[in-house]
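Here is how the chains run, residue by residue.
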Amino acid sequence: MALLALVKALVVGVHDARPLAEDAISALRCFQVVNAERGEHYFVIEGWLPRPWVPEFRTVVEESSQGRVAVVIDEDVDAAITTPPSALRNIPLARPYELLVELYGMPGRDDYDPTFATFLFMPLFFGLMIGDAGYGVALFAVSWLIGRWFKTPLARLARSILTIGGAWSIGFGVFLFGEVFGWSIAPWVPGYPFVHRSGDLMTLFILAVVVGATHVNIGLLIGFRALRKRQGLRVAFLRKISWIILEQGVFILMIGMAGLALAEYWYVGIGIMAFAVGLIAWGGGLTDI
């Protein structure tokens, strides 16, 4: 779970060796081309390359062309003028989710790579929404069919979501909601505290709030860490932790007005919310509000 440092590289060679160089670049899939130039007797391909892969890239490209192509690393690139792009590096299980991260926008080199967090939370939420053991098995079957017929990055992402989400769906279906293809298994397991989605609406609502708040707060803490690294502790606290303080005010106000707890002190929630809004305004101005 890291952002790789990239270096500027030039692939230079004689004109008739260009197809060999392009084939090697396509096969390695580690060179991000940004510009190409062709002359009467030469060609130049310019791009970015992860530094750990430079030796292998140079060996493959130069050997495949039998010395007619050279890889030159440009160490004089000024980062203040030319900002190197980012490359993602994750464990094999999380790599399909890099497609989603790239779709939304690549993080900067000083930012947090959200791929692993997406890998953790997306299938979990998918399985929680389905929450049925029978449908979880059906998701496994669909995943298997996709794997038989499709080998694209999008297919690998779909397979991962369906497989891991299906496992979560089976778990939630068996141990939380007690459902198999919509039928309740509660009569066969007497006394087990299942959450009945058609009747336990308040329990389901509280579960949704807890899961959602946990997810949001993890995101805020990740943002706090990244912002502290770029702009310092004060700005990170005002623009991220203040939102967590605001949530506590909303929570106190909500349970007070609902009569669940702190009914006589509901106004404390409004005070905490006002204080948090002041912190948010201090850190980010009208834009953050």
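Residues numbered from 1 in each chain as written. Predicted model: local features only at pLDDT ≥ 70, side-chain atom pairs only at ≥ 80, totals over all residues. Heavy atoms only, no water.

Student: Tell me about the side chain of Thr115, residues and numbers included.
Tutor: Its place among the elements puts Thr115 in helix α4 (residues 115-130). The residues contacting Thr115, other than those within four sequence positions of it, are Leu88, Asn90, Ala94, Tyr97, Glu98 and Val101. (Helix = DSSP H or I, 4+ residues; strand = E, 2+ residues; numbered from the N terminus. Contact = heavy atoms within 4.5 Å.)

Student: Could you give an account of the sheet that holds strand β5 (residues 69-74), naming the residues involved and the relevant values?
Tutor: If you trace the 4 strands from one edge of the open sheet to the other, you get β3-β4-β2-β5, paired in antiparallel fashion. Either end of the sheet is taken by a strand with one partner, and the two such strands are β3 (32-38) and β5. Looking at each pair of strands side by side, their axes are set apart by 20° on average, direction ignored. Examined bridge by bridge, β3 and strand β4 (residues 42-50) share 6 bridges and lie antiparallel to one another. (Pairing = 2+ DSSP bridges. Axes fitted to C-alpha atoms, helices over the stretch in contact; angles between N-to-C directions.)

Student: Describe the side chain of Glu179, with residues and values.
Tutor: Secondary-structure assignment places Glu179 in strand β7 (residues 179-180). Judged by its relative accessible area of 16%, Glu179 falls in the buried class. Within the structure, Glu179 has its side chain in polar contact with the side chain of Arg197 (distance 2.8 Å). (Buried < 20%, exposed > 50% of the residue type's maximum accessible area, 1.4 Å probe, protein only. Polar contact = N/O pair within 3.5 Å; in protein donor to acceptor, adjacent residues only side chain to side chain.)

Student: Report on the packing of α4 against helix α7 (residues 201-231), specifying residues and quantitative values.
Tutor: Relative placement of two packed helices is described by the angle separating their axes and the distance separating the axes. Put simply, α4 and α7 touch, their axes get as near as 13 Å, and they point 170° apart. When the interaxial angle is binned, α4 and α7 end up roughly antiparallel. Contacts from Phe121, Phe125 and Leu128 of α4 reach α7 at Leu207, Val211, His215 and Ile218. Of the residues assigned to the contact of α4 with α7, the class counts are 6 nonpolar, 1 polar and no charged. (Parallel < 35°, antiparallel > 145°, perpendicular 65-115°, else oblique. Nonpolar A, V, L, I, M, F, W, Y, C, P; charged D, E, K, R; others polar.)

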